[in-house]
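For reference, the chains in residue letters:
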Amino acid sequence: MSTFFGMETMRRAVNTNRTAIQTVGNNVANVNTPGYSRQRVNLQATGGYPATGVWTQPAMNGRVGSGVQVTGIERIRDQLLDRQYRAEAHVEGAAFIQYKILERMEDLYNEAPSDTTTSRLSDQFASFWNGWKELASGKDSQAVLLEQGKAVTDAFTHLQDSFQTEMDMLETEAELTTAKVNQILEQLHATNKDIAAESSGQVPNELYDVQDRLLDQLSSLVPIQVSRSPKPPEHAATGAEGPYKVELKLGGSETITLVDATEEAPQLLTLEDGMQWTVGDSNQPFTYNGAGGGELVGLQKAHERVGQELEDIKALAQTFAKEVNQIYAFAYSEQGGFGQEFFTIHLDDSGAFSHIGVNSELSNNPKALATARFNEEGIKPEYQDEFAEKWAAWENDKDNEEAFRDLLAFLNEADHYVDGKMIVEGNVDVAKEISRLEDSAAIIGKYKDMMGKLGVETKAQRDLTEASNARLANTESNRMAVSGVSLDEEMSLLIQFQHAYNAAARAMTAMDEMLDQIINRLGVVGR
């Protein structure tokens, strides 16, 4: 055994505890760093003296310890908790996006009970029906009624424009989110290449943390499946984790590889028309069939839902205008007889429905607003059968425009009436009949159904979001309990390693004094 054997033992102890203190200091420094995993020094006793072997003869019972060494610095991470977090993150991401858009749609309708708001579509409906009731009661309120009709059409147009704006915003958000996904994929590919440092015996814990943080972000955007490279690089040190392989889940067991553990470039997402995505140069379509799907799928479903609501409100506007017009068409107008419209249905350049508006001829001349229904009792007996036939043809199929025009043409012939009296003076039956539309299942019933459906969907999506968020927060809490830095724990470790460092240094000093005694003082007696 060497004379300096004890000095070497204490040197190892000093260096080992210094490394441990440095690691504790690094943990403390990164206590607030997002995604940082606390690190731990792995200590192991070095081989004792004498060494084991066939030719080694023990000089005594047992062996003399030779100190301690650092076998590695590992980060504390639970891969199971990471998988649980990422499995829930895409569910929460999709649910949150859909909940926010449903909540936004509720805000646009603004149908919550209120004593101060009168701009809701339901309020405009009520004012419109009341306007016809006042007209039927004999009030000279044509101008007021036309303004109330315009308020209804403005409410419809505002909702249509708002829903279209929401769809445009969702498409813009989808573009930004797609770019964010691709940026993360590029960064993951770059860190995979940097992790090639493992082949030189290094364990780049900070790069592993960067990757895990990127994967956490990516998992909230798209559904992913993550695995480490099954074979560590040649000459990799113990604790090397290897590069990541990231796959895009399509539902079930189907996946598309986005980032491979090789040098190949990542497969990026491309946003196509109609809120659809393709992957890579092969343009493989990304269609997710499972629950959740991340913010990207959430945006797709939200866009589809707003589009459905836009079509529903357009259909309701058309039904509303058509129901009123069909009744108003039987009111006699001195300017055009029977068949006049109260609302005008406007079409776009492609011939599709655009919006509704009050007939401009009525807006310019409110006194032209008619309320008297045709004089059915005044139709001559010889024309009664023809009238009944034409009325039944339209009554049985009110969408039959030809039958409707044929009926109006019959009613506009003065010869079909006794003494040419097409109406009875003072008749207000048209106003009464239109006011009764306030109980219409096709208008008010349909609108109530739309509001009920939206309310149920919003509550269900809110419950799903809150439940998923709670599970995600619980998993994150468990992860932090494992990987997070506890200052109390680090301080206790700091004291522990500091005392060990001081003790090793003191033992080294004692051995130095012993050697000094032997070297400088032994054999000087009698000189």
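Residues numbered from 1 in each chain as written. Predicted model: local features only at pLDDT ≥ 70, side-chain atom pairs only at ≥ 80, totals over all residues. Heavy atoms only, no water.

Observations regarding the overall build of the protein chain
When you go through the protein chain residue by residue, the secondary structure sums to 12 helices and 10 strands. Computed over its C-alpha atoms, the radius of gyration of the protein chain comes to 41 Å, more than 25% above the 24 Å expected for a compact globule of 527 residues. With respect to the principal axes defined by its C-alpha atoms, the protein chain has extents near 160 × 50 × 35 Å. Residues classed as buried in the protein chain amount to 42% of the 527 residues present. With the model as given, the accessible surface of the protein chain reaches about 27900 Å², and the carbon-plus-sulfur share is 49%. Here the protein chain contributes 46 positively and 81 negatively charged side chains, and the mean placements of these two sets differ by 11 Å. (Helix = DSSP H or I, 4+ residues; strand = E, 2+ residues; numbered from the N terminus. Rg over C-alpha atoms; globule rule 2.2 N^0.38 Å. Buried < 20%, exposed > 50% of the residue type's maximum accessible area, 1.4 Å probe, protein only. Areas by Shrake-Rupley, 256 points an atom, 1.4 Å probe, with all protein chains shown as cover. Lys, Arg positive; Asp, Glu negative; His and termini not counted. Charge placed at Lys NZ, Arg CZ, Asp CG, Glu CD.)

Some words on the sheet that holds strand β6 (residues 269-272)
Strand pairing in a sheet relies on backbone hydrogen bonds. The paired strands run either parallel or antiparallel. With antiparallel pairing, 3 strands are arranged side by side in an open sheet as β6-β7-β8. Each edge of the sheet is formed by a strand with only one pairing partner; in this case those strands are β6 and β8 (284-286). Neighbour-to-neighbour, the strand axes of the sheet open up by a mean angle of 40 degrees, direction not taken into account. Relative to the sheet, helix α4 (residues 142-194) contacts β6 and β7 (276-279), its axis offset from that of β6 by approximately 170 degrees. (Pairing = 2+ DSSP bridges. Axes fitted to C-alpha atoms, helices over the stretch in contact; angles between N-to-C directions. Contact = heavy atoms within 4.5 Å.)

Some remarks on the packing of helix α6 (residues 294-328) against helix α11 (residues 441-483)
Where α6 meets α11, the closest approach of the two axes is 9 Å, and the angle between their N-to-C directions is 165 degrees. One finds that α6 runs roughly antiparallel with respect to α11. Between α6 and α11 lies a crossing of left-handed hand. Across from Arg 305, Gln 308, Glu 309, Asp 312, Ile 313, Leu 316, Thr 319, Phe 320 and Glu 323 in α6, the residues of α11 making contact are Ala 442, Ile 443, Lys 446, Tyr 447, Met 450, Lys 453, Leu 454 and Glu 457. (Parallel < 35°, antiparallel > 145°, perpendicular 65-115°, else oblique. Left-handed = near helix turned anticlockwise from the far one by under 90°.)

Overview of the sheet that holds strand β3 (residues 224-228)
Pairing in this open sheet of 3 strands is antiparallel, and the strands run β3-β4-β5 from one edge to the other. Each edge of the open sheet is held by one strand with a lone partner, namely β3 and β5 (254-259). The sheet shows a mean angle of 30 degrees between the axes of neighbouring strands, taken without regard to direction. Examined bridge by bridge, strand β4 (residues 244-251) and β5 share 5 bridges and lie antiparallel to one another. The partner of Gly 251 across the bridge, within β5, is Glu 254. Its contacts with the sheet place α4 against β4 and β5, and it is angled at close to 65 degrees to β5.

A few points about the side chain of His 90
Within the secondary structure layout, His 90 lies in helix α2 (residues 79-109). When its relative accessible area of 4% is taken as the criterion, His 90 is described as buried. His 90 has contacts with Ser 219, Ser 220, Val 222, Pro 223, Lys 249, Tyr 288, Ala 291, Gly 292, Gly 293 and Gly 294, leaving out every residue within four places of it along the chain.

Considering the side chain of Lys 314
Locating Lys 314 in the fold gives a position in helix α6. For Lys 314, which is buried and forms no salt bridge, the nearest opposite charge comes from Glu 311, at a distance of 4.3 Å. Aside from chain neighbours lying at most four places away, what touches Lys 314 is Gln 160 and Phe 353. (Salt bridge = Lys/Arg side-chain N within 4 Å of Asp/Glu carboxyl O.)

Quick notes on a nonpolar patch on the surface
There is a patch of nonpolar side chains on the surface, built from Phe 4, Ile 518, Ile 519 and Leu 522 and spanning about 440 Å² of accessible area. Structurally, the position occupied by Phe 4 is in the segment before α1 (5-29). Classification of Phe 4 by relative accessible area gives partly exposed; the value is 48%. (Patch = residues over 30% accessible without salt bridge, like charges linked within 9 Å, V, L, I, M, F, W, Y side chains within 5 Å.)

As for the packing of aromatic side chains
Summed over all chains, the structure comprises 31 aromatic pairs. The interplanar angle of 70 degrees and the centroid separation of 5.8 Å between the aromatic rings of Tyr 328 and Phe 342 together place this pair among those described as edge-to-face. Separated by 14 residues along the polypeptide, Tyr 328 in helix α6 and Phe 342 in the loop between α6 and β9 (343-347) bring together distant segments of the chain. The same class applies to Tyr 328 as to Phe 342, namely buried. With a centroid separation of 5.3 Å and 65 degrees between ring planes, the pair formed by Trp 391 and Trp 394 is classed as edge-to-face. Remark: Trp 394 and Trp 391 occur in helix α8 (residues 381-395); sequence separation between them is 3 residues, near one turn of the helix. Given the relative accessible area of 3%, Trp 394 is considered buried. Positioned over the ring face of Phe 330 is Arg 373, at 6.0 Å from the centre of the ring. The residue whose ring lies beneath Arg 479 is Tyr 85, and the NZ or CZ to ring-centre distance is 4.0 Å. (Phe/Tyr/Trp six-rings, centres within 6.5 Å; stacked < 30°, edge-to-face > 60°. Lys NZ or Arg CZ within 6 Å of the ring centre and 35° of its normal.)

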